[in-house]
Number of protein chains: 2
Amino acid sequence: MCMIVYDEGWSMDMQRYIVPPEAFRGRTVVVEGDDAFHLSRVMRMRPGDRIVVCDGCGREATAVLTKVAPDRAEAEAEDFRPSAGEPAWTVVIAQSLPKGDKMELIIQKGTEIGAAAFVPFRSERVIVRYDGKQEAKRLERWRRIAKEAAEQAHRGRLPEVSGVASWRELLASFPEYDDVYFCYERQGGEPSAGLRTLVRETMSRIPDRPLKLLVVVGPEGGFTEREAAEAEAAGARPVGLGSRILRTETAALAVLACLMYESGEMGGDG
Amino acid sequence: MCMIVYDEGWSMDMQRYIVPPEAFRGRTVVVEGDDAFHLSRVMRMRPGDRIVVCDGCGREATAVLTKVAPDRAEAEAEDFRPSAGEPAWTVVIAQSLPKGDKMELIIQKGTEIGAAAFVPFRSERVIVRYDGKQEAKRLERWRRIAKEAAEQAHRGRLPEVSGVASWRELLASFPEYDDVYFCYERQGGEPSAGLRTLVRETMSRIPDRPLKLLVVVGPEGGFTEREAAEAEAAGARPVGLGSRILRTETAALAVLACLMYESGEMGGDG
């Protein structure tokens, strides 16, 4: 139930680094690469200074630096504890590739708000085209953004950013979730049910454990009718987000915030 | 209950323009300035084409263009109707001046999600400094962003962006609202109540009409303890947003989305 508003590079408390689980060797933690550079050169830390190291899988420790070099640092963990910053519900954002740097915004803000993972995917009206090299570069950048946002937001788990999925691959993943909410305005006929209506239905169907949900958001031009029919046939539920028209990046973040709210992350008795 | 995801300049339906109420003269609507240029040069519309004109105060009309020039166009309204895109609750975002272009993001996305107005203000830890001329320029830009976002999102009311308020002026405005939620993590003692807890309290206190709420968000460095004490003394309620740490711009948008959700904008029985 806490919120501290803070800025890039500024923090009221200890600097946090998410390191791979294999960086822990007993109580010793090895920090390498960009993190070692940041720690030694940007933060100008020295042996004896304390950091928080998190394995990105829900475990973290306060650790005292023992060696500091620009490419490698070592620290001794003083205590291990479960990370506190993880939401109960698992909410995965499947985002059809948007234009420009919108995916970066979605990943950064979505990580702060509490997304468990991101699945970029291609649908018919996607405009951007990446060749293999460009895609690999983007993916590297998106993963770096997720890591930095997770460290800043004090997440205990590092949200995964998958490689770009095809529409077929995305549809095939639907059975992994308790429910799939598909942001789509039905053309004609009955309008899509509101998000809250659908979430309350899912909650009453599965009252006894935290939910695992997939939120599917289309590109700027929306989904085609055929895609909507295929998604529904694969088990997704079309969802409405109110009477205003949201940009693709706004939709993903608004749904995520509402799901965190509904799951009790911001207080209330449910 | 609808959501269409779309892009700048692209729309499945008629182009919308928010014009000042005085642009309506009987059934005749005059479109001037940037809007006339956009309509004539960017959209290449001609007499006989239809647009939607909205007075930004909740009334709109479909109108047929009768004259089109780059600096001035005229149209005849075919029907007048109340705008459909307005949320029931009035939620005002008071945002302490953030760095860079974050205020633009807050105003753009906040307008889409449903903010009624924005109050930029100065608090102790604000880093940016505008002189009078810079502030006027920013304000002009913020208001243009609000207008464009309102048109895109099909808002019926144009959210006002106030001039930059002082901390004292902000405090003095608190009595205008049913409740003031102050995004702040208490230092020591009892933690701030979660957003949902507070909203449900406000709703049970005022069960018979839509709420009017002010959400107060600090700058990157947060509020000082003195500011928090002054805000509480002026009637604001410190609010927590979950166990992750949100950047200032993310906090404003997440709270707004949750309030729209709680007020029933996204379905559900309340």
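Residues numbered from 1 in each chain as written. Chains lettered and ligands numbered in written order. Predicted model: local features only at pLDDT ≥ 70, side-chain atom pairs only at ≥ 80, totals over all residues. Heavy atoms only, no water.

Asks: Even after reading the chapter, I still don't get the interface of chain A and chain B, so can you show me in this structure?
Replies: Put simply, an interface is often sized by how much accessible area is lost when its parts join up. In this complex, chain A contributes 66 residues to the contact, which on the side of chain B involves 66 residues. Carbon and sulfur atoms make up 54% of the surface buried where chain A meets chain B, a total of about 6,200 Å² over both sides. With a shortest N-O distance of 2.9 Å, Arg247 of chain A and Glu112 of chain B are connected by a salt bridge. Here chain A is connected to chain B by 28 residue pairs in polar contact (both at pLDDT 80 or more). For the side of chain A that touches chain B, the elements supplying multiple residues, two or more each, are helix 2 (102–113), helix 5 (195–205) and helix 7 (248–262) of chain A. With 10 residues, the single largest contributor to the side of chain A that touches chain B is helix 7 of chain A. Each residue belonging to the side of chain A that touches chain B can be placed in one class, and the counts come to 27 nonpolar, 21 polar and 18 charged. (Contact = heavy atoms within 4.5 Å. Buried area = accessible area lost by both parts, 1.4 Å probe. Salt bridge = Lys/Arg side-chain N within 4 Å of Asp/Glu carboxyl O. Polar contact = N/O pair within 3.5 Å; in protein donor to acceptor, adjacent residues only side chain to side chain. Helix = DSSP H or I, 4+ residues; strand = E, 2+ residues; numbered from the N terminus. Nonpolar A, V, L, I, M, F, W, Y, C, P; charged D, E, K, R; others polar.)

Asks: Could you clarify how one ought to interpret unusual backbone geometry in this entry?
Replies: Keep in mind that most residues, glycine aside, have a negative phi and that most peptide bonds are trans. The phi torsion at Arg44 of chain A lies on the positive side, around 50°, for a residue other than glycine. Considering the arrangement of structural elements, one finds Arg44 of chain A in the loop between helix 1 (33–42) and strand 4 (50–54). You can call Arg44 of chain A exposed: its relative accessible area is 67%. Residue His154 of chain B is not a glycine yet carries a positive backbone phi of 65°. Summarising the element assignment, His154 of chain B is placed in the loop between helix 3 (132–153) and strand 9 (160–161). For His154 of chain B, a relative accessible area of 15% puts it in the buried group. (Buried < 20%, exposed > 50% of the residue type's maximum accessible area, 1.4 Å probe, protein only.)

Asks: Help me understand helix 2 (residues 102–113) of chain B, please; the structure alone is not making it clear to me.
Replies: Since there are 3.6 residues in each turn of an α-helix, residues three or four apart along the chain are aligned in direction. All names here are of chain B. With 12 residues, helix 2 ought to run about 16 Å at 1.5 Å a step, and its terminal C-alpha atoms sit 16 Å apart, in line with that. With 11 of 12 residues buried, helix 2 lies mostly within the body of the structure. All of the buried residues along helix 2 are Lys102, Met103, Glu104, Leu105, Ile106, Ile107, Lys109, Gly110, Thr111, Glu112 and Ile113. (Expected span 1.5 Å × (residues − 1).)

Asks: Explanation requested: helix 3 (residues 132–152) of chain A in the structure shown.
Replies: Residues and elements named next belong to chain A. If you check helix 3, its first and last C-alpha atoms are 30 Å apart, about what 21 residues at 1.5 Å a residue would give, namely 30 Å. Restricting attention to buried positions, one finds in helix 3 the residues Glu135, Leu139, Trp142, Ile145, Ala146, Lys147, Ala149, Ala150, Glu151 and Gln152. Looking at the buried positions of helix 3, the neighbouring elements they touch are strand 1 (16–18), helix 1, helix 2, strand 8 (117–121) and strand 9 (160–161). Regarding helix 3, its N-cap is Asp131, as a side-chain oxygen of that residue lies 3.1 Å from the backbone nitrogen of Lys133 further along. Two residues or fewer after helix 3 comes His154, characterised by a positive phi angle close to 65°.

Asks: What's the story with the nonpolar core in this structure? I'm lost.
Replies: Nonpolar side chains in soluble globular proteins generally cluster together in the buried interior. With 88 residues, the main nonpolar core has Leu195 and Leu259 of chain A together with Leu195 and Leu259 of chain B as its most contacted residues. Setting aside anything within four residues of it in sequence, one finds Leu195 of chain B in contact with Tyr261 and Met266 of chain A together with Tyr181, Val239, Gly240, Leu241, Val255, Cys258 and Leu259 of chain B. (Core = buried A, V, L, I, M, F, W, Y, C linked by side-chain atoms within 4.5 Å.)

Asks: Sorry if this is basic, but what is going on with the relation of the copies chain A and chain B here?
Replies: The two chain copies are connected by a rotation around an axis plus a translation along it. Note on the identical chains: chain A maps onto chain B by a rotation of 180° and an axial translation of 0.0 Å, with an RMSD of 0.0 Å. With respect to symmetry, the two chain copies, as superposed, fit the operation of a two-fold axis. Ranked by how close their C-alpha atoms come to the rotation axis, the residues of chain A are headed by Cys258 of chain A, at 2.6 Å. Interface overlap between copies: 100% of the residues of chain A at the interface are likewise at the interface in chain B, consistent with a symmetric, same-surface contact. (Least-squares fit on C-alpha atoms with pLDDT ≥ 70 in both.)

Asks: Explain the pairing of strand 13 (residues 237–240) of chain B here, please?
Replies: A regular strand places its side chains so that they alternate between the two faces of the sheet. Sheet topology places strand 10 (residues 179–183) of chain B next to strand 13 of chain B; three bridges connect them, and they run parallel. Residue pairing across strands places Phe182 of chain B opposite Pro238 of chain B, the latter belonging to strand 13 of chain B. (Pairing = 2+ DSSP bridges.)

Asks: I keep staring at the domain arrangement of chain A and nothing clicks. Help me out?
Replies: Residues and elements named next belong to chain A. We note that the domain assignment places domain 1 (16–82) and domain 2 (90–262) within chain A. Placing the centre of domain 1 and that of domain 2 at their C-alpha centroids yields a distance of 32 Å. Between domain 1 and domain 2, a total of about 750 Å² is buried, with carbon and sulfur atoms accounting for 50% of that surface. Taken as a group, Arg16, Ile18 and Gly56 account for 67% of the area that domain 1 buries against domain 2, more than any other trio of residues on that side. Where domain 1 touches domain 2, the interface holds one salt bridge. (Domains from an automatic or database assignment.)

Asks: Can you walk me through the sheet that holds strand 5 (residues 59–69) of chain B in this structure?
Replies: Strands belonging to one sheet form pairs held by backbone hydrogen bonds; the direction of such a pair is parallel or antiparallel. Residue and element names in this part refer to chain B. Pairing is mixed in the open sheet, where six strands are placed in the order 1-4-5-6-3-2. Two strands bound the open sheet, and with one partner strand each, they are strand 1 (16–18) and strand 2 (24–25). The sheet contact formed by strand 4 (residues 50–54) and strand 5 spans five bridges and is antiparallel. The partner of Ile51 across the bridge, within strand 5, is Ala63. Here helix 1 (residues 33–42) sits on the sheet and contacts strand 1, strand 3 (28–32), strand 4, strand 5 and strand 6 (72–82); the angle it forms with strand 3, its principal contact strand, is near 95°. (Axes fitted to C-alpha atoms, helices over the stretch in contact; angles between N-to-C directions.)

Asks: Could you clarify how one ought to interpret the pattern of salt bridges in this entry?
Replies: If the charged atoms of two oppositely charged side chains come close together, the side chains can form a pair. Following the criterion strictly, the structure yields 54 salt bridges over all chains and no others. Across the salt bridge formed by Lys147 of chain A and Asp35 of chain A, the nearest N and O atoms sit 2.7 Å from each other. Of this pair, Lys147 of chain A sits in helix 3 while Asp35 of chain A sits in helix 1; the two residues are 112 residues apart in sequence, bridging distant segments of the chain. Asp35 of chain A carries the same exposure label as Lys147 of chain A, and that label is buried. For Arg81 of chain B, the salt bridge identified is with Asp79 of chain B, shortest N-O distance 2.8 Å.

Asks: Looking at this model, I keep getting lost on the packing of helix 2 of chain B against helix 3 of chain B. Mind explaining?
Replies: Two measures define how a pair of helices packs: the angle their axes make with one another and the distance between the axes. Residues and elements named next belong to chain B. Where helix 2 contacts helix 3, the two axes come as close as 8 Å, and the packing angle between them is 25°. In terms of orientation, helix 2 lies roughly parallel with respect to helix 3. For helix 2 against helix 3, the interelement crossing comes out right-handed. Counted together, Met103, Glu104, Ile107, Gln108, Thr111 and Glu112 of helix 2 and Arg138, Arg141, Trp142, Ile145, Ala146, Ala149, Ala150 and Ala153 of helix 3 form the full contact between these two elements. For the contact of helix 2 with helix 3, the residue count by class is eight nonpolar, two polar and four charged. (Parallel < 35°, antiparallel > 145°, perpendicular 65-115°, else oblique. Left-handed = near helix turned anticlockwise from the far one by under 90°.)

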